[in-house]
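# Topology and contacts: notes
So the chains spell out like this:
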Amino acid sequence: MVIPGKNSKSSEGPDLTKGMEKVKSLRFFPSYGSINESATSDSCPTCRGIGRIPRGHNDQLVAVIPCNDVRLKPRRTKLYVCVSMLVCLLLCCLILFFLFPRSVTLTPVSVLSVMIYFAPEQFTVEIQVTNLINVTNANFVPVHIDEFNIQSLISGAVVGKTKICNMTTIATRTKKLYTFTNDMLVTDRGLYSYCKSESIKIHTLFLELQMTMNISYFSHTEQLSLDTFEYIDCGKNSTIPHPMA
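Attention here is on the structure that accompanies the text. Throughout, residues of each chain are indexed from 1 in the direction in which the sequence is written. Reporting of local features is limited, given that this is a predicted model, to residues whose pLDDT is at least 70; pairs of side-chain atoms are given and counted only at 80 or more, and all residues count toward the totals for whole chains, interfaces and linings. The side-chain quantities take in all heavy atoms of the structure and omit both hydrogens and water.

## Observations concerning the overall build of the protein
Secondary structure elements follow DSSP: runs of H or I of four or more residues count as helices, runs of E of two or more count as strands, with numbering from the N terminus. Check the secondary structure of the protein and you find three helices and eight strands. Here the protein holds 245 residues, and the buried ones make up 28% of them. Long-range pairs, those at least 24 residues apart, make up 63% of the contacts in the protein between residues at least 6 apart in sequence. A total accessible area of about 17,300 Å² is found for the protein, and carbon and sulfur atoms account for 61% of it. Each residue's exposure class comes from its accessible area (1.4 Å probe, protein chains only) as a fraction of the maximum for that residue type: buried when under 20%, exposed when over 50%, partly exposed otherwise. The contact rule is simple, with two residues in contact once any of their heavy atoms fall within 4.5 Å. Using a 1.4 Å probe, the Shrake-Rupley method yields the accessible areas, and only the shown protein chains count as cover for residues.

## Concerning the side chain of Thr 130
Structurally, Thr 130 can be placed in strand E2 (residues 124-137). Residues in contact with Thr 130, not counting those within four places in the same chain, are Ser 110, Val 111, Leu 112, Ser 113, Thr 179, Phe 180 and Thr 181.

## Considering the sheet that holds strand E8 (residues 242-243)
Pairing between two strands requires that DSSP report at least two bridges joining them. Here we have four strands laid out as an open sheet, ordered E5-E2-E1-E8, and antiparallel in their pairing. Each end of this open sheet is capped by a strand with a single partner; those strands are strand E5 (174-186) and E8. Relative to E8, strand E1 (residues 104-119) runs antiparallel, the two sharing two bridges. Its bridge partner lying in E8, Ser 110 is registered against Pro 243. The axes used here are C-alpha line fits, helices contributing only the stretch in contact, and every angle between their N-to-C directions lies in the interval 0 to 180 degrees. Packing against the sheet, helix H3 (residues 189-196) makes contact with E1, E2 and E5, and its axis sits at approximately 80 degrees to E1.

## Description of a nonpolar patch on the surface
Residues enter a patch when their relative accessible area is above 30% and they make no salt bridge; the linking distance is 9 Å between like charges and 5 Å between nonpolar side chains (Val, Leu, Ile, Met, Phe, Trp, Tyr). In what follows, salt bridge is the name for a side-chain nitrogen of Lys or Arg lying within 4 Å of a carboxyl oxygen of Asp or Glu. Taken together, the side chains of Leu 79, Tyr 80, Val 83, Val 87, Leu 90, Leu 91, Leu 94, Ile 95, Phe 97, Phe 98, Leu 99 and Phe 218 make up a nonpolar region of the molecular surface, amounting to roughly 1,200 Å² of accessible area. For Phe 97, the position within the fold is in helix H2 (residues 77-99). Assessed through its relative accessible area of 45%, Phe 97 is described here as partly exposed.

## Considering unusual backbone geometry
Backbone geometry at Phe 123 places phi at a positive 55 degrees, although glycine is not the residue there. Position of Phe 123 relative to the elements: it lies in the loop between E1 and E2. At Ser 219, a position not held by glycine, the phi torsion is positive, near 55 degrees. Take Ser 219: its relative accessible area is 83%, and that puts it in the exposed class.

## As for the pattern of salt bridges
Per the counting criterion, the structure on display carries one salt bridge. Across the pair Lys 163 and Glu 147 runs a salt bridge, and its minimum N-O distance is 3.6 Å. Here Lys 163 is found in strand E4 (residues 157-170), whereas its partner Glu 147 is found in strand E3 (residues 143-154), with 16 residues between them in sequence.

## As for the packing of aromatic side chains
Only rings of Phe, Tyr and Trp enter the pairing, Trp through its six-membered ring, and a pair is recorded when the two centres are within 6.5 Å. The plane angle decides the type: under 30 degrees is stacked, over 60 is edge-to-face, the rest tilted. In total, this model carries seven aromatic pairs according to the counting rule given. Each ring, one from Phe 97 and one from Phe 98, has its centre 5.2 Å from the other, and the planes form 85 degrees; the classification is edge-to-face. Ring centres 5.4 Å apart and planes at 85 degrees place the aromatic pair Phe 148 and Phe 180 in the edge-to-face group. Taken together, the positions of Phe 148 in strand E3 and Phe 180 in strand E5 put the pair 32 residues apart, joining distant regions of the chain. Owing to a relative accessible area of 0%, Phe 148 belongs among the buried residues under this scheme. Among the aromatic residues, those joined into a cluster by ring pairs are Phe 97, Phe 98 and Phe 140. The criterion is that NZ of a Lys, or CZ of an Arg, lies within 6 Å of the ring centre and within 35 degrees of the ring normal, and then a charge sits over that ring. The positively charged end of Arg 102 is found above the aromatic ring belonging to Phe 97, 5.0 Å away from the centroid. Note that Arg 173 overlies the ring of Phe 140, its terminal NZ or CZ placed 4.8 Å from the centroid.

If you want it as structure tokens, here you go:
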């Protein structure tokens, strides 16, 4: 009877030792998820119940958020996304509307005056014609006229060339009238006799003007071209304006 008693004590000894060690570990490490260190739950395996994460392990830890967390379901998300897209679309449309290149037109208006000078020794006629043109800027930015070239022709023959640099600047969405004088020299004896003849009351002479204008805006250079016709009286001076053909 004595021997079995000793055997029972020896068999129960290790179990009691393990139980005591578990109780001691629970005393040093508070329960996971409990503030009052109650023994109803397990200890946190990450921070050992101390409530602080060890240094140097921040990049190794992952925060777990429940699926029913409010932060995962923000309110009015679709509304904010739609409003943002509409605002961006509106800004893009406004930028395209104001910055999209528009046309710059060159329009002849009238002949202001004609001055005639005869040279009987050389049988030549020098003609100075002052013209008025209209330049229209339909852009929302100013346009600068860099160069303006005019070539005058009579019956297909070039009788004069005029070049004007740094002419003017046209403001936003405006029209501007510009006056220029075109010098021509007629060396044909037949035209000289025609303009000098006293039997003809009106010495009508048709001129062809080939105009090219170089403009710049938005660091962009563009060339405008215009061919027009006008008639003058090459027999006398005239200061009465009349429209160009």
